[in-house]
Amino acid sequence: MRRRGRAPGGRGGGGVSGAVLPVVRAPAPVLGTAAEPVDPADPEILQLAEDLLATMRVSPGCVGLAAPQVGVGAQVFAVDVTGHPKARTVHGAFVLCNARIVEASQWQKGREGCMSVPDLTGDVKRANRLVVAGYAPGGTEEIEITTDAFEARALQHEIDHCAGLLFLDRVAGAHAVYARKVYL
């Protein structure tokens, strides 16, 4: 990870505890609407960061969760691919605000699922090498995260949520959508 400013730090707002929030499912309108940029220093965003992490911790197999998935139209998401067998680069649990892709390369197709689309998976082409810029909750300087493989896929998936897109919007067609067999 190349950092400029405060690290994405896994736990957001220092001492703030997170609540487990209900995850909304498609076709909820918030999932198809581009989220608004946020002020990373806003106490509500610090709380949202903690809530996203808390919700992820109790959700089996969850490696990422965006604010729109809990009904909040904000450009905030959490990622943690720790322990996932497809992960190569792992930055641990972190939250980013107002994230954007700076560099993307080495595109590959891979299977994705989503807590907001619990009964389906799909093949989605994503960059296998990625540089993302954004702000940590509470941070004032932009940071960059350089990653690859599964963590890169997870970041792109969550950035899509903040843009109002589901993985189903990225599949090549109905032939690339499958009934979920196991929720992992």
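Scroll up for the structure.
It should be emphasised that the depicted structure is a prediction, and the values quoted were computed from it without experimental measurement.

Participant: Help me understand the packing of aromatic side chains in this model?
Facilitator: Each pair of aromatic rings is reported with the distance of its centres and the angle of its planes. Enumeration over the complete set of coordinates arrives at 0 aromatic pairs. Over the ring of Tyr178 we find Arg111, and its NZ or CZ is 3.7 Å from the ring centre.

Participant: How should I be thinking about the environment of Leu21 in this particular structure?
Facilitator: Mapped onto the elements, Leu21 comes out in the segment before helix H1 (43–57). Taking the relative accessible area as the measure of exposure, Leu21 reaches 24% and is therefore partly exposed. The spacing of Leu21 and Met56 is 35 residues in sequence and 9.4 Å in space, taken between C-alpha atoms. Excluding residues that lie within four positions of it along the chain, Leu21 makes contacts with Asp51, Thr55 and Val70.

Participant: Help me understand the environment of Ala26 in this model?
Facilitator: Its location among the elements puts Ala26 in the segment before H1. Taking the C-alpha atoms as reference points, Ala26 and Gln69, 43 residues apart in sequence, are found 9.2 Å from one another. Excluding residues that lie within four positions of it along the chain, Ala26 makes contacts with Leu31, Ser116, Val117 and Leu166.

Participant: Would you mind showing me how to read H1 here?
Facilitator: Along an α-helix, residues three or four positions apart point the same way, because every turn accommodates 3.6 residues. Taking 1.5 Å of rise per residue, 15 residues should cover 21 Å, and H1 covers 21 Å from first to last C-alpha, within 8% of that figure. Counting buried positions over the 15 residues of H1 gives 11, a clear majority of the element. Those residues of H1 lying buried are Ile45, Leu46, Leu48, Ala49, Glu50, Asp51, Leu52, Leu53, Ala54, Thr55 and Met56. Buried residues belonging to H1 abut strand S1 (64–66), strand S2 (76–79) and strand S3 (94–114). N-capping of H1 is provided by Asp42, with a side-chain oxygen placed 2.7 Å from the backbone N of Glu44.

Participant: Looking at this structure, how should I read the nonpolar core?
Facilitator: Buried together is how nonpolar side chains tend to be arranged in soluble globular proteins. Counting 21 residues, the largest nonpolar core has Phe77, Val79, Val81, Leu96, Val132 and Leu155 as the members making the most contacts within it. Mapped by element, the contributors of at least two residues to this core are S2, S3, strand S4 (117–135), strand S5 (143–148) and helix H2 (149–162). Here this core takes 6 residues from H2, the largest share from any one element. If sequence neighbours within four positions are ignored, Leu155 has contacts with Phe77, Val79, Phe94, Leu96, Leu130, Val132, Ile145 and Thr147. Core analysis: the second largest hydrophobic core is formed by 18 residues, Ile45, Ala49, Leu52 and Ala74 among them.

Thresholds applied
- Residues numbered from 1 in each chain as written.
- Predicted model: local features only at pLDDT ≥ 70, side-chain atom pairs only at ≥ 80, totals over all residues.
- Heavy atoms only, no water.
- Phe/Tyr/Trp six-rings, centres within 6.5 Å; stacked < 30°, edge-to-face > 60°.
- Lys NZ or Arg CZ within 6 Å of the ring centre and 35° of its normal.
- Helix = DSSP H or I, 4+ residues; strand = E, 2+ residues; numbered from the N terminus.
- Buried < 20%, exposed > 50% of the residue type's maximum accessible area, 1.4 Å probe, protein only.
- Contact = heavy atoms within 4.5 Å.
- Expected span 1.5 Å × (residues − 1).
- Polar contact = N/O pair within 3.5 Å; in protein donor to acceptor, adjacent residues only side chain to side chain.
- Core = buried A, V, L, I, M, F, W, Y, C linked by side-chain atoms within 4.5 Å.

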